[in-house]
Structure formats: structure tokens, C-alpha cells
Amino acid sequence: MDLDEIARKKQKLIQKMNESGKERNPSEDHAIGLKTLQNPKRRMIMEFLADGSKSLDQIKIELDMNDMQAKLNLDMLEDAFYISKLDSSDKTEYELTIRGDAYLENVKTGGKK
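Here the structure is a predicted model, which is why all the values come from computation and not from measurement. (Residues numbered from 1 in each chain as written. Predicted model: local features only at pLDDT ≥ 70, side-chain atom pairs only at ≥ 80, totals over all residues. Heavy atoms only, no water.)

Peer 1: Would you mind going over the side chain of asparagine 73 with me for this structure?
Peer 2: Along the polypeptide, asparagine 73 turns up in helix α5 (residues 67-79). Overall, the relative accessible area of 6% leaves asparagine 73 in the buried class. Of note is the side chain of asparagine 73, whose polar atom sits 2.7 Å from the side chain of arginine 42. When neighbours within four sequence positions are excluded, asparagine 73 is seen to be in contact with Asn39, Lys41, Arg42, Ile45 and Met65. (Helix = DSSP H or I, 4+ residues; strand = E, 2+ residues; numbered from the N terminus. Buried < 20%, exposed > 50% of the residue type's maximum accessible area, 1.4 Å probe, protein only. Polar contact = N/O pair within 3.5 Å; in protein donor to acceptor, adjacent residues only side chain to side chain. Contact = heavy atoms within 4.5 Å.)

In C-alpha cells:
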């Protein structure tokens, strides 16, 4: 990911956080993140999104989930700002935020570059 892409994703995350109206202190934010990432399916969703945005149907098929399971897990990841929803006129897709990218980078590499 180049610097322009990082800056774009960071700005998009900040905008989503501001628009959400969810004012959280850092401790609360970390607690939500930890609770969200305790579930292996949610971590698998993030790994699946690592190579680009995916539709709800793609996620359901890849991870063998029904509508309710997918919606619950995606909503939790979105609420914790690890993923964001991209709505267009013809479909909805999900992508990692910069926070999601950073989590995967640190988990996969152990924080080493």
C-alpha cells in the first residue's frame, strides 16, 4: 500500500468515526476491539478482505455463513471500525479500514517489518 492509499484510508476512517456519533474513550474503544476480535470468524472475514473489497454473498460463501451470521459479524467489525461498508447503487461491499489493515499486518508479521 502506497502513502497516498494509507492517507486516503486514514481520512476515510476518521470521517466514518466522526459520522458515527460514537464518542468512545480509548479504553472503551480497545475493549470493543478486543471483544470483536475474539471470534475467529471475524478474524477470517478480515483476512478474506485483505486482498480487496468483497460482497456480502462472497463473504457468506467463503466463510460458510448464513445471512444472520454474516450480518452480525460484519456489523460488529464495522462498529469497531475494522471494516467499512461501501454502498453503491447496484451492490454493497465491505473493505478493511486502515485499522483493519494495521491489525492484520501486526498479527501476520508480529509487528516486524
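Peer 1: Help me understand the pairing of strand β2 (residues 83-87), please; the structure alone is not making it clear to me.
Peer 2: If a strand is regular, its side chains alternate between the two faces of the sheet. Sheet analysis places β2 next to strand β3 (residues 92-96), joined by 5 bridges and oriented antiparallel. From the neighbouring strand, lysine 85 faces β3, where its bridge partner is tyrosine 94. (Pairing = 2+ DSSP bridges.)

Peer 1: Which parts of the structure should I look at to understand the packing of aromatic side chains?
Peer 2: Evaluation of the coordinates by the stated rule reveals 1 aromatic pair. The ring of phenylalanine 48 is capped by lysine 54, whose NZ or CZ atom sits 4.8 Å from the centre of that ring. Taking NZ or CZ as reference, arginine 99 lies 5.8 Å from the ring centre of tyrosine 82, over its face. (Phe/Tyr/Trp six-rings, centres within 6.5 Å; stacked < 30°, edge-to-face > 60°. Lys NZ or Arg CZ within 6 Å of the ring centre and 35° of its normal.)

Peer 1: Please clarify how helix α3 (residues 40-49) should be interpreted in this entry.
Peer 2: Three- or four-residue spacings in an α-helix give side chains the same orientation, since the helix completes a turn every 3.6 residues. Buried within α3 are the following residues: Arg42, Ile45, Met46, Phe48 and Leu49. Looking down the long axis of α3, one finds its buried residues gathered within 160 degrees of arc, a one-sided arrangement. Capping the start of α3 is the job of one residue whose side-chain oxygen sits 2.7 Å from the backbone nitrogen of lysine 41: asparagine 39. (Arc of directions from axis to C-beta.)

Peer 1: Would you mind going over the environment of phenylalanine 81 with me for this structure?
Peer 2: By secondary structure assignment, the location of phenylalanine 81 is in the loop between α5 and β2. In this structure phenylalanine 81 comes out as buried when scored by relative accessible area, which is 8%. Distance in space between the C-alpha atoms of phenylalanine 81 and glutamate 23 is 13 Å, their sequence separation being 58 residues.

Peer 1: How should unusual backbone geometry be read in this particular structure?
Peer 2: Although it is not a glycine, aspartate 64 adopts a positive phi angle of roughly 50 degrees. Its location among the elements puts aspartate 64 in the loop between α4 (56-63) and α5. A relative accessible area of 67% means that aspartate 64 is categorised as exposed. Within the chain, phenylalanine 81 stands out as a residue other than glycine whose phi angle is a positive 65 degrees.

Peer 1: How do you make sense of the sheet that holds strand β1 (residues 54-55) when you look at a structure like this?
Peer 2: Strand pairing in a sheet relies on backbone hydrogen bonds. The paired strands run either parallel or antiparallel. Strand order across the open sheet formed by 3 strands is β1-β3-β2, with antiparallel pairing between neighbours. In this open sheet, the two edge strands, each paired with only one partner strand, are β1 and β2.

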